[in-house]
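Analysis of the macromolecular model
Letter by letter, the chains look like this.
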Amino acid sequence: MGGGGWYYVPKVWSPAGGWWAAPVSWKRNTGFAFMTVGFICANIFALSAQKERRPIAPFKHIPSQRWCKHAKEDDPSLP
């Protein structure tokens, strides 16, 4: 009846390390993962800003016009 004792843990392999995983270099791996995601997001943002076009000038200001490559060509009313 006491606490402790044996409890069932299934034998399952997982790429994250399985049950109660505590890899030695988890901080470094997490940093690499965040840097990779940040790098991919930055490249997608840059590609989007490069390709963004507005054939019809918008009715009001759109924030992406600040960094869009073709904003002044597409909307002559911009300063």
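Let us look at the structure shown here. Predicted, not measured: the structure shown is a model, and the values here were computed from it. (Residues numbered from 1 in each chain as written. Predicted model: local features only at pLDDT ≥ 70, side-chain atom pairs only at ≥ 80, totals over all residues. Heavy atoms only, no water.)

Concerning the pattern of salt bridges
Note the threshold: Between Lys or Arg on one side and Asp or Glu on the other, a salt bridge is scored when a side-chain nitrogen of the former is within 4 Å of a carboxyl oxygen of the latter. Only protein chains enter the area calculation, which uses a 1.4 Å probe; residues under 20% of their type maximum are buried, those over 50% are exposed, and those in between are partly exposed.
Scanning the entire structure with this criterion turns up 3 salt bridges. Of the charged contacts in the structure, one is a salt bridge between E52 and R54, with a shortest N-O distance of 2.7 Å. Judged by its relative accessible area of 14%, E52 falls in the buried class. When its relative accessible area of 25% is taken as the criterion, R54 is described as partly exposed. A network of salt bridges, in which partner residues are shared, links R53, E73 and D74.

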